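Coordinate inspection notes
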Amino acid sequence: MKKILSLLMALVMLLSLSACSGDNGSTDNGQTTNPTDTTNEKTELTMGYQTDPEGLDPQRTAAASTFSITNNIYDTLVGVTSDWEIIPRLAKSWEISEDGMEITFALRDDVYFHNGRQFKASDVEFTFNRLKDAESPKAGDYENIVKIETIDDYNIKFSTEKLDVELLKWFAYPWTAIVPEEAVNNLKTEPVGTGAFKLKEWVPQQRIVLQRNDNYYGEKAKLETVKLMLIPDATSMIAGLQVGDLDIIPLTGDQVTMIEGNPEYSVVSQPMNAVQIMSLNTNNEILANEKVRQAMAMAINKDEVIEASSFGYGDKIGSHLPSTSPDYYDTNSVMEYNVEKAKELLKEAGYENGFEIKMTLPKNYQIHVDAGQVIADQLSKIGIKVNVELVEWGTWLSEVYGAKNFETTVVGHTGRLDSYAFLKRYKSDSDDYISLKTGEVDALLEQALQELDDNKRKEIYQEIQIILANKLPAIYIQAPHTMFGMSSNVEGMSIFPIDVYDFKDVYFK
Amino acid sequence: MAKKKETFYKNSSMIIGLILVSCVLLICILSYFYMPYEPNEMNISDRFIKPSDNSEYILGTDNFGRDILSRIMIGSRTVLTVGIGSVCIGAFIGIALGALSAQFKRVVGSAIMRVMDGLMAFPGILLAMMLVTVVGRGAQGSIIAISIFMIPTFARLVNSMMLDTESLLYIKAAKSYGSTNMQIFFKHFIPAMLPKLITQFSSAVGSAVMIETSLSFLGLGIQPPNASWGLMLSEARQFFLQYPYLAVAPGIAIIMTVLGFNLIGDGLNDLLIKRRSKA
Amino acid sequence: MLNYILSRFKSSIVVLFVVSIITFAVLMIIPGDPAQLILGTEATPDVVQELHSAMGLDKPLYEQYGNWLINLLKFDMGTSYLYGESVTTLILNCLPITLSVALYSMIIATIIAFIFGIISAIKKDSVIDYFSRSIMQLGTAIPSFWIGMVFVVFFGLKLKWFPISGYVPASESFLGFIKSITMPSVVLAIGEFGLLLRIIRSSMQESISQDYMDMAKVKGLSMGKIYLKYALRGAMVAPLTIIGMQFAKLVGGTTVVETVFALPGLGRLVLTAVEHRDIVLLQGLVMFITSSVILITFIVDILIMFMNPRIKTFERGE
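All figures in this text were calculated on a predicted structure; none of them were measured in a lab. (Residues numbered from 1 in each chain as written. Chains lettered and ligands numbered in written order. Predicted model: local features only at pLDDT ≥ 70, side-chain atom pairs only at ≥ 80, totals over all residues. Heavy atoms only, no water.)

A closer look at the overall build of chain B
Here is the rule we go by: Helix and strand assignments come from DSSP, with helices taken as H or I runs of at least 4 residues and strands as E runs of at least 2, each series counted from the N terminus. With a 1.4 Å probe rolled over the protein chains alone, any residue whose accessible area is under 20% of its type maximum counts as buried; one over 50% counts as exposed, and the rest are partly exposed. The contact criterion used is simple: two residues touch if any of their non-hydrogen atoms lie within 4.5 Å.
The helix and strand tally for chain B stands at nine helices and zero strands. When the helices and strands of chain B are listed from N to C terminus, the series reads α-α-α-α-α-α-α-α-α. Within chain B, the proportion of its 279 residues that are buried is 55%. Taking the intrachain contacts of chain B between residues at least 6 apart in sequence as the baseline, contacts between residues at least 24 apart amount to 71%.

Re the packing of aromatic side chains
All names here are of chain C. Stated formally: Aromatic contacts are taken between Phe, Tyr and Trp rings whose centres are within 6.5 Å, Trp giving its six-membered ring; a plane angle under 30 degrees counts as stacked, one over 60 as edge-to-face, and the others as tilted.
As enumerated under the stated definition, the model contains 32 aromatic pairs over all chains in all. Relative to Phe155, the ring of Phe154 has its centre 5.3 Å away and its plane inclined at 80 degrees; by these criteria the two rings are edge-to-face. Here Phe174 and Phe177 contribute two aromatic rings whose centre-to-centre distance is 5.8 Å and whose plane-to-plane angle is 40 degrees, an arrangement assigned as tilted. Remark: Phe177 and Phe174 occur in helix α8 (residues 174-208); sequence separation between them is three residues, near one turn of the helix.

Some details on unusual backbone geometry
Unusually for a residue other than glycine, A:Trp84 sits at a positive phi of about 70 degrees. Tracing the sequence through the fold places A:Trp84 in the loop between β2 (78-80) and β3 (86-88). A residue is classified by how much of its surface remains accessible, and A:Trp84, at 16% relative accessible area, is buried. Despite not being glycine, B:Phe48 has its phi angle at roughly 55 degrees, a positive value. Residue placement: B:Phe48 occurs in the loop between α1 (2-31) and α2 (68-103). A relative accessible area of 11% places B:Phe48 in the buried class.

Focus: the interface of chain C and chain B
Where we set the bar: Once two parts are joined, some of their accessible surface, as seen by a 1.4 Å probe, is lost; buried area is that loss totalled over both. Throughout this description, the term salt bridge denotes a Lys or Arg side-chain nitrogen within 4 Å of a carboxyl oxygen of Asp or Glu. Each residue gets one label: Ala, Val, Leu, Ile, Met, Phe, Trp, Tyr, Cys and Pro are nonpolar, Asp, Glu, Lys and Arg are charged, and the others, such as Gly, are polar.
Taken together, the 46 residues of chain C in the interface contact 37 residues of chain B. Here chain C meets chain B over a buried area of about 3900 Å², counting both sides, of which 78% is carbon and sulfur. Of all residues in chain C, the largest losses of buried area upon contact with chain B belong to C:Phe145, C:Trp146 and C:Met149, amounting jointly to 15% of the total for that side. For C:Arg198, the salt bridge identified is with B:Asp266, shortest N-O distance 2.9 Å. For the side of chain C that touches chain B, the secondary structure elements donating two or more residues are α1 (2-28), α6 (127-141), α7 (144-158), α11 (237-252), α12 (255-260), α13 (266-275) and α14 (279-307) of chain C. Here the side of chain C that touches chain B gets nine residues from one element, more than from any other, and that element is α1(C). Partitioned by chemical class, the residues of the side of chain C that touches chain B number 30 nonpolar, 10 polar and six charged.

Notes on the nonpolar core
The line we're drawing: Among the buried residues, those of types Ala, Val, Leu, Ile, Met, Phe, Trp, Tyr and Cys that are joined through side-chain atoms within 4.5 Å form a nonpolar core.
The biggest cluster of nonpolar side chains holds 247 residues, and the ones touching the most others in it are A:Leu77, A:Phe105, A:Phe128, A:Phe158, A:Phe171, A:Leu210 and A:Phe503. The greatest single-element share of this core, amounting to 18 residues, is contributed by helix α5 (residues 87-122) of chain C. The contacts of A:Phe158, once residues within four sequence positions are left out, are A:Leu77, A:Met101, A:Glu102, A:Ile103, A:Phe105, A:Val124, A:Phe128, A:Ile145, A:Lys147, A:Ile148 and A:Phe171. A:Phe355, A:Val374, B:Met42 and B:Ile44 belong to the second-largest nonpolar core, a separate cluster that totals 40 residues.

As for the state of the cysteines
Residue and element names in this part refer to chain B. Where we set the bar: Pairs of cysteine sulfur atoms within 2.5 Å are what we label disulfides.
Using the criterion set out here, one finds zero disulfides over all chains in the structure. Distance from the sulfur of Cys23, which forms no disulfide, to the nearest cysteine sulfur (Cys28) is 13 Å. The thiol of Cys88 is unpaired, and the distance to the nearest cysteine sulfur, on Cys28, comes to 14 Å.

Some thoughts on the pairing of strand β13 (residues 274-280) of chain A
Residue and element names in this part refer to chain A. Cut-off, in case you're wondering: Between any two strands, at least two bridges found by DSSP are needed for them to pair.
Among the seven residues that make up β13, seven are buried, leaving the element largely enclosed by the rest of the structure. Here β13 pairs with strand β18 (residues 474-487) via four bridges, running antiparallel. The partner of Ile277 across the bridge, within β18, is Tyr476.

Regarding a nonpolar patch on the surface
Let me state the cut-off plainly: Each patch is built from residues lacking any salt bridge and having more than 30% relative accessible area; the joining distance is 9 Å for like charges and 5 Å for nonpolar side chains (Val, Leu, Ile, Met, Phe, Trp, Tyr). What sets the accessible areas is the Shrake-Rupley method with a 1.4 Å probe; for residues, cover comes only from the shown protein chains.
Taken together, the side chains of B:Ile29, B:Leu30, B:Tyr32, B:Phe33 and B:Tyr34 define a hydrophobic patch exposed on the protein surface, amounting to about 630 Å² of accessible area. By the secondary structure assignment, B:Leu30 is in helix α1.

Focus on the sheet that holds strand β5 (residues 102-107) of chain A
All names here are of chain A. Put simply, the rule is: The axes are straight lines fitted to the C-alpha atoms, using for helices just the contacting stretch, and the angles between their N-to-C directions are given from 0 to 180°.
Taking strand neighbours across the sheet as the criterion, the four strands line up as β4-β5-β7-β6 in an open arrangement whose pairing is antiparallel. The sheet is open, and its two borders are formed by β4 (91-96) and β6 (145-152), each paired with just one other strand. Averaged over all adjacent pairs, the angle separating strand axes in this sheet is 20 degrees, with direction ignored. Here β5 runs beside strand β7 (residues 155-160); their pairing, made up of five bridges, is antiparallel. Residue pairing for β7: Phe105 is matched across the bridge by Ile156. Against the sheet, helix α3 (residues 121-131) makes contact with β5, β6 and β7, and its axis sits at roughly 165 degrees relative to β6, the strand it touches most.

Remarks on the packing of helix α3 (residues 105-121) of chain B against α1(C)
We apply this condition: Oblique is the label for any angle not under 35 degrees, not over 145, and not in the 65 to 115 range, which are roughly parallel, roughly antiparallel and roughly perpendicular in turn.
Remark: α3(B) packs on α1(C), axes separated minimally by 8 Å, with the N-to-C direction vectors making an angle of 70 degrees. Judged by the angle between their axes, α3(B) and α1(C) are roughly perpendicular. Contact residues: B:Arg114, B:Val115, B:Asp117, B:Gly118, B:Leu119 and B:Ala121 in α3(B); C:Ser11, C:Val14, C:Val15, C:Val18, C:Val19 and C:Ile22 in α1(C). When grouped by side-chain class, the residues that make up the contact of α3(B) with α1(C) number eight nonpolar, two polar and two charged.

Considering the interface of chain B and chain A
What counts is decided by this rule: Nitrogen and oxygen atoms within 3.5 Å of one another constitute a polar contact, given that in protein one can donate a hydrogen and the other can accept it, and given that sequence-neighbouring residues count only through two side-chain atoms.
The interface of chain B with chain A comprises 20 residues on the first partner and 24 residues on the second. Around 1900 Å² of area is buried between chain B and chain A when both sides are counted, 55% of it from carbon and sulfur atoms. On the surface where chain B and chain A come into contact, there are one salt bridge. A:Glu307 is the salt-bridge partner of B:Arg47, the closest N and O atoms lying 3.3 Å from each other. In this assembly, chain B and chain A are joined by four residue pairs in polar contact (both at pLDDT 80 or more). Of the residues contributing to the side of chain B that touches chain A, the split by class is 10 nonpolar, five polar and five charged.

Digging into the side chain of C:Gln283
Residue and element names in this part refer to chain C. Structurally, the position occupied by Gln283 is in helix α14. With a relative accessible area of 4%, Gln283 lands in the buried category. With residues up to four places along the chain from it excluded, the contact list for Gln283 reads Thr23, Phe24, Leu27, Met28 and Trp68.

Observations regarding the confidence of the model for chain C
All names here are of chain C. Here is the rule we go by: pLDDT: the predictor's confidence for each residue, scored from 0 to 100.
On average, chain C scores 77 in pLDDT, and the residues at 70 or more come to 82%. In the predicted structure, residues 311-318 sits below a pLDDT of 50 and forms five contacts with residues beyond four places in sequence or in another chain. In the model output, the complex is listed with pTM 0.77 alongside ipTM 0.74.

Looking at the side chain of A:Asp247
On the secondary structure map, A:Asp247 appears in the loop between α4 (234-243) and β11 (248-250). A polar atom in the side chain of A:Asp247 sits 3.1 Å from the side chain of A:Lys42.

Quick word on the environment of C:Glu258
All names here are of chain C. Locating Glu258 in the fold gives a position in helix α12. The exposure class assigned to Glu258 is buried, which follows from its relative accessible area of 2%. For the pair Glu258 and Leu269, spaced 11 residues apart in sequence, the C-alpha separation works out to 9.5 Å. Once residues lying within four places of it in the same chain are set aside, the contact partners of Glu258 are Thr98, Leu263, Gly265, Leu266, Gly267 and Arg268. A polar atom in the side chain of Glu258 sits 2.7 Å from the side chain of Thr254.

Here is the structure:
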C-alpha cells in the first residue's frame, strides 16, 4: 500500500513539475472565452495561422509562412500596396539611369534596427551580398545585379548586367528585407530588423508574438501586440473565431458561408496574385503532342473544379497570369470546355482509346489535391485514366520540381510583381520543370524585358498569354482568392500582391 | 444460475462480434456484385446532399458529390484487405521468428528477441509513421508498416509458449523417439498454440484496422481518390461544423469492424480460459 | 534482487542500442534530400550540393551513425532544419504538454477502470458488470479523432465548457491549463481504460477466488476490508504493469489527439518533422520517445519486482 501511495505521490509531483515548467511567461490577455471586447482600448490582435515559419531569416528560406511574419519585423527598400503601386520604405527616393542599367536609392537617415543601431547603406550592401550567396534560395533571381556601390551612408547604387525594365520591383520582395550584419547568425530565431514590430516570442508549434516597435521611422502601428496562434486544424480555426478566441483567421471557401451575413463578422476576399495550374511534362511522349494537351484542356470543366476546390472563390484563367495582374488578358475563351471536341482532338492525336497517366499532388495543399481529383475524374470521361499520387511537399519539391520526375501535377505558383519574372520559366532554355520547348515565346519575352513603353509591354504580354493559352505547356485553372474572416471590429487588414501579412495598418474599430 | 448467466454473456459477446464481422464481410462481398453508384464518380452539382434530403442517395453524398454508401461498400474491401492482410503477414513472420528463437535459444534466439523488444519499444503510431514514410503511403505501405508492427507480438507469444511447453513430457518423448524438429513443430506445437494464436489474430485485426484509420487520418494511409473509411473520416473533418453527417457513416463502419473483431477475440479468449481451467 | 535489476538494466541498454540502429537506418532511407528541402524550389543544383555536403550528408553511413550516437550520449540531438533551434530545446518545449495529457488521461482511465473493474469483479454478472464490459469494448473501438471532433463541437462550441483548441501553460493559469487539456485527455482515456478495466477485473476475480480469501472470511473480517486489503493487493501486479505500459505508449501516441486539439506536444512535432523531412528532428524525437518508453518500462519492472516477492525467489533459483 505504501508503495502505491509513494508512486502516486511521485506521479502527482511529476505532473505539477511538468505543468510548471510549461513555457516561460508570455503576455496573455487575449485568451478569453468572452466575445470581443469592443472597447477602444483593445490593442492586441489574435490571429490564427496554420503553418509555422521555417525560421525567421529572410535570406535563408523560400517559405511563404516565413515571409508573412518577417514582413512585419523587417523592412525592404520599397514596398508595394494592394494596388500594385511601389511606395518608398527604407528608400525615400530612387533614380534609374537613362539606359535602365543602374538604380540609385536615397535612403532614410532616421531608421534604427531593433537593437538600437542606426540603419545605413552598408547594411543594404551587406544584405544583398548575402541574398546572392550560396545558401540563399533566391540567389538565382538576383544574378543580374553585378555591382553594389555604397556612395555614402545614405545612398547606394545597384548596377545590372542586362536591361530589366522592371528592376525596381525586385527590391520590394520580402526576401530582400534588410538585416544587420552583427545579428546575422541568429536571425532564424532572433530576428532583428527595422520593422513596425519586434519579435517578442516564438514558441514553435504554439505561437508567435509580435510587439510594436515604438522607434519605428514611419507611422507607428496602431496595435500594441499581435499574437499568432498555431492552429493546424481548419475546423478548430473557425471555431476559434466563433468563440471569440481569435480575432482574425485565414478563411477557406466553404467556411465563408458560415459567417457571412452575420453582423458579428466580416469577410475580406480578393483574388490572389497566384495561379493554380496543371503542369504538364512536355518531355513525356504522350504529353509532347500538342493536340493531346488541348484535348485535356477542353475536357476540363474549370467551373466545376473551382466550385469543388475553392467553393467558387477563384477566378477562372486561361493563361499563366492571375486576374489581378495589371498585365492580365482574358484568354478563357481560347480552350473552352467541350467534351465532344476534346474526344475528337484525342482521336486526331492518335489516342482514340485514351491512355494512362500519372498525377502527382502535393498533399499539404488541399486546394490542389481537391482540384487534381476533380480533374482526374473529368479526364476519365474522355478515356484518360489518371493515377493520382499524393506526396509530401518536400518530396514534391525534390521529385517534381527538382528532378522533373513527373507526368502531370497540380500546383500553385505565387505571382511576381512583374510579369517577366513570372513568365520567364516558359523560355525554351529555362531548364525549369515546365517550359514551352517549341520556343514561341522566347523572343517575345526578351522583348518585354527591354521594352520601356508600358503600353507596348502590355501588348507583348498579351501576345504571350494567348500563345500559352493555345500551346498549353500547362493547363491554367484559376487564380484562387485569399480570404480572411474577422470580427467585425477589426479594420485595416489588406491583401497584397505578394504573400505577406501586414499588421501595420490594422486596428480595432 | 450465475454460471449460466456468465456463459450466456460470454457467448453473447462473441455472437455479437461474429454478427458484426459477418455484416462487414457481407458488405464487402456484395460490393463485388452491386453498388448503387460508381464509388469514385464525382458529381459536383450534387455535392453535400444529406441522407434525409434525397432518396436517391441513401447515405447522402460527400464534398465531391460521390455516393457515400457506395464508398462505404468499396471501402470495406480496403479495410479488410489491409486489416486482415497485414496481420496475416505479421503473424506468419512473427510465428516463424518466434519458433526460430525458441529453437536456437542461445545467440540467434536472444538476438531475435532483442530486436523484437526494440521494435516493441516504439509506440504503435510512431513506428507506423516512420515506416510509412520510408515504404511509401497507400494500401501497400500501410500493409507493410502494420505487418512489421504486428511481428513482435506474435514472435514473443510463440517464443514464450514454445519455451513453456518444451519441457512437457510428451515433447521430450517425441524427441526421444526421433521425430524431427519440424515434425514436432507442426504436429505438436502448432495445435497447442493455435487457440491462443487465433485469439491474438482476431484482436490484432481490430488493432490493425484502428491503426490504418489513424494513418489515413494523418494523411499517411490510403490515398485519395480511393475510398477508405479512415480517409473518409479525415475528409469529413474539414466540413465537420457545417456537415456533420459526413462523419457518421464511416465512423460507425469503423466502430462496427473493430468492435466485431475485438469481441470475437475476447470471446475466444474467454473460451480458452474456461477450457484451461476445466483441464 | 540486484541481479534482477542489473540484468534488466543490461537488456534495456541493448534494446536502446537496437532502437537507435533501427531509427537511424529507417530514417536514412527516407526519400527526399533535406538540403533541397531547405533551399526550396528556386535554388540551383550546385547550391543544393554545397549545403548537402555542409550538412555532412555525404559521409559514409556508419560514420554518420557514429557521430550521431556520440552526440546523443552528450544529449546533443543536433539542430532542427526547420526551426533552427536545437532539437533538445524543441523537445523540452513540447514535452510538458504531452506529459500532462498522458498523465491526466492515465489518471482518468485508471480511476474509471478501477472503479468499474473492482465492482465488476465483486458483483460478477450484475448489471454493472455487463455495462462495464460493454463500454470497455466500445471505448477501444472508437477512433479517437472521431470522438475528439464530436467533443470539440459539442463541449467546445455548443456548450462552451472547454476551449476548442490551444494549450494554456499551468504557469499562466492552472485552471486554464486543466481546462485546455481535459478534452484531449478524456478522449485518450476513452481509448485506454478498456484494456485496464479488463485486466483489473480479471486480476481481482483471480485474487478473490484465492484460498486465502476464504481464510480471511473465516477469520471474520468484514467483506469490505477483505476486498480492499487482501484481494486488491494481490491484484495489483498486472494492472500496474499495464498502467506503466500504457503510459509509456501514450507518450509517443498522442499525435492524433494533439492534431485535433491543436496541442503543441511531441506528437505534433513528430508529424511536422515527418512532413518537412526534418531528419535531425525526427531522429531526435524518435530516440527520445522510445528511450522514455524503455525507461518507464524498466522502472515499472523494478517496481513490480518490489511488489511481487515471487520474482525474487524465482531469480535465485535460476
